[in-house]
Amino acid sequence: MLNYICVGYEKERPVPIETCPVDGSGTFYPELLALPQHRLSPLLTVPLRILTQMLSTIRYHLLPLLQLYLLGLKVLLVQLLSRSFRLPVMPRQDGKVAIVTGGGRGIGYEVVRHMARLGAHVVIGGRDEQECLAAVRKIREEYKEAKVEFKKLDLASLQSVRQFVQSFKERDLPLNILVNNAGVMLVPEGCTEDGFEQHFGVNYLGHFLLTWLLLDTLKDSGKCGHFSRVINVSSSAHCIGKIRLNDLNNCYCYSAHAAYCQSKLALLLFSSHLHQELQRGGFPVSSCAVDPGMVDTELYRHLWTPFRLAQSAIARLLFKAPAEGAATVLYAALSPALEGDLEGGYWANGCREMTTPPTFDPKLQLSLWETSLQLLELQ
Ligand SMILES: NC(=O)c1ccc[n+]([C@@H]2O[C@H](COP(=O)([O-])OP(=O)(O)OC[C@H]3O[C@@H](n4cnc5c(N)ncnc54)[C@H](OP(=O)(O)O)[C@@H]3O)[C@@H](O)[C@H]2O)c1
């Protein structure tokens, strides 16, 4: 039997080259060089193993971390130098029904509050009952007429997503706006109830299933000139994300930073593919992705403590307030200028933006879409 020295490792277990994970483009991870040990002096084996593990740590942990913080810095500078988008006055939304995931706090709360103020009936899909009920109370105190309610939804459980949709559908309400807003960032390694990596499971797969199960209601509720809208709250972090179709759960070498970026790129690919499918089928539903910018919310609470302290000091001065972060989401969800919009796309600071090439790669979009359907057993 051959022994291998692996530069990378899978749960401390050497992986023969034949079983090495491949990324979306079908190439092998170069670190997984399998060298027959008998050709090496035993004196070299240990240092080589240490060196290769160091290289692996740099590539799979340090690099994504540095990339994300450098991107954050760049985004913050651009945000400071440009004028923050101000939401124009939006028309009344009486008679419209919206679902906003993670609407109990942060950006989602501001989206719910604004929609409720305009007369929409808003359902907050959230997992923390107390927080969401407090949000409902606060909005009702502010606007006596507000039609806002809470329904339990834990995106880390596919069963919970199914139950949420079932109980929503039992009420025979239309659905004009779905805001896939809930998200987690830099959470420690862990799995959802169904065994998916948390960023991938909550930010992407849970929303995929939710949207899929609600598509018929969205289609029935849209009309020519009054499309139903799916708004996917992504992030600029998508542009450093990589989709590893053979390792979507990041088992090979876990990095919370890479996992967050991957989940936000996946959401963008999903949004774009969904939009095209809907337009091809001639359905009165559009889908777009939105980057809210850098916003002072609880999303950053899993940062490493020294970074968290620095971030919260900087955030109070330089980040957007949640209401400002919600502005582009609201614009994409409500603007009459986007009625019957055939382009979908990616929105940031009130404008449609071009983004990185993988986002437009139809092959990657389709592969991810089909893999997701298989993972969710929706075929
Ligand atoms: N803040 C930023 O700078 C920024 C930048 C780019 C993109 N975004 C995106 O904006 C969205 C909103 O984030 P935020 O900044 O408002 O953060 P936030 O204040 O942490 O809000 C996130 C919301 O998602 C909910 N959520 C988390 N896991 C959930 C689950 N398993 N099931 C249901 N709900 C869940 C949270 O509720 P729990 O109480 O249950 O955790 C919370 O209500 C996220 O998708 C985020 O990635 C934010």
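Residue indices begin from 1 for each chain and proceed along its sequence in written order. Confidence filtering applies because this is a predicted model: local features only for residues at pLDDT of at least 70, side-chain atom pairs given and counted only at 80 or more, and all residues used for totals across whole chains, interfaces and linings.

Under an unreviewed UniProt entry, the name given to the protein is Dehydrogenase/reductase SDR family member on chromosome X-like, and the organism recorded is Mastacembelus armatus. UniProt positions are given in the numbering used here, feature names are shortened, and annotations may be inferred rather than shown by experiment. Word for word, the UniProt comment on the protein under Sequence similarities (unreviewed entry) is "Belongs to the short-chain dehydrogenases/reductases (SDR) family."

### What about the overall build of the protein?
Strands here are runs of E lasting at least two residues and helices are runs of H or I lasting at least four, both read from the DSSP assignment and numbered beginning at the N terminus. Per the secondary structure count, the protein includes nine helices and ten strands. To sort residues by exposure, count the other C-beta atoms lying within 10 Å of each residue's C-beta; 20 or more gives buried, 12 or fewer gives exposed, and values between give partly exposed, all with C-beta atoms placed from the backbone. A total of 379 residues make up the protein; the buried ones form 45% of that total. Two residues qualify as a contact pair if the distance between their C-beta atoms, derived from the backbone, is within 7 Å. Sequence separation of at least 24 residues holds for 74% of the intrachain contacts in the protein that already meet a minimum separation of 6.

### Here's the deal with the pairing of strand β5 (residues 147-152)
We call two strands paired when DSSP finds no fewer than two bridges between them. Of the strand pairs in this sheet, strand β4 (residues 121-126) and β5 are connected by six bridges, and their pairing is parallel. Opposite valine 123, over in β5, you have glutamate 149 as the bridge partner. Crossover connection from β4 via helix α3 (residues 129-142) to parallel β5: handedness right-handed. We call a crossover right-handed when, viewed with both strands directed away from the observer, the connection leading from the first strand over the helix to the second proceeds clockwise.

### Quick look at helix α8 (residues 322-334)
Given a rise of 1.5 Å per residue, 13 residues ought to cover 18 Å, and the 18 Å separating the end C-alpha atoms of α8 matches this to within 8%. The principal kink in α8, of about 30°, is found at threonine 328. A large share of α8 lies buried, amounting to twelve of its 13 residues. Of all the residues in α8, the buried ones are Pro322, Glu324, Gly325, Ala326, Ala327, Thr328, Val329, Leu330, Tyr331, Ala332, Ala333 and Leu334. Buried-residue contacts for α8 involve α2 (106-117), β6 (177-180), β7 (228-233), β8 (285-291) and β9 (346-348). Here the expected span of a helix is defined as 1.5 Å times the quantity of residues minus one. Take the seven residues that end at a residue and the seven that start at it, fit an axis to each, and the angle between those axes is the bend at that residue.

### Overview of the site of the ligand
Here, nearness is defined through the C-beta atom: a residue counts as near a molecule or strand if that backbone-placed atom lies within 6 Å of it. Around the ligand there are 30 residues in total, and Gly102, Gly106, Ala182, Gly183 and Thr297 lie nearest to it. Here the shell around the ligand is composed, by residue class, of 13 nonpolar, ten polar and seven charged. Charged means Asp, Glu, Lys or Arg here, nonpolar means Ala, Val, Leu, Ile, Met, Phe, Trp, Tyr, Cys or Pro, and polar covers whatever is left, Gly included.

### A few points about α3
For α3, built from 14 residues, the straight-helix expectation of 20 Å at 1.5 Å per residue is met to within 8% by its first-to-last C-alpha distance of 20 Å. Buried residues along α3 sit in contact with α2, β4 and β5.

### A word on the nonpolar core
Nonpolar core, as used here: buried Ala, Val, Leu, Ile, Met, Phe, Trp, Tyr and Cys residues forming one set through C-beta atoms within 7 Å. In this structure, Val112, Val122, Ile124, Val179 and Val329 are the most contacted members of the largest nonpolar core, which totals 91 residues. Among the elements that make up this core, the one with the highest residue count is helix α6 (residues 256-280) (13 residues). Sequence-distant contacts of isoleucine 124, that is, excluding residues within four places in its chain, are made with Val100, Gly103, Gly104, Val112, Cys132, Ala135, Val136, Val148 and Phe150.

### Topic: the sheet that holds strand β3 (residues 97-101)
Taken in spatial order, the eight strands line up as β5-β4-β3-β6-β7-β8-β9-β10 in an open sheet, and their pairing is mixed. Only two strands of the sheet have a single neighbouring strand rather than two, namely β5 and β10 (351-353). Direction aside, the axes of adjacent strands within the sheet are offset by 25° on average. To obtain an axis, a line is fitted to C-alpha atoms, over the contacting stretch when the element is a helix, and the angle between two such axes runs from 0 to 180 degrees between their N-to-C directions. Its contacts with the sheet place α2 against β3, β4, β5, β6 and β7, and it is angled at close to 165° to β3.

### Re the packing of helix α5 (residues 198-221) against α6
Where α5 contacts α6, the two axes come as close as 7 Å, and the packing angle between them is 20°. Classified by the interaxial angle, the pair formed by α5 and α6 is roughly parallel. With respect to the hand of their crossing, α5 and α6 are arranged in right-handed fashion. In this structure, α5 contributes His199, Phe200, Asn203, Tyr204, His207, Phe208 and Thr211 to the contact, and α6 contributes Ala259, Tyr260, Gln262, Ser263, Lys264, Ala266, Leu267, Phe270 and Leu274. Its residues placed into classes, the contact of α5 with α6 shows nine nonpolar, six polar and one charged. For classification purposes, angles smaller than 35 degrees are called roughly parallel, those larger than 145 roughly antiparallel, those between 65 and 115 roughly perpendicular, and all remaining angles oblique. When the near helix sits turned anticlockwise from the far one by under a right angle, the crossing is termed left-handed; a clockwise turn instead gives a right-handed crossing.

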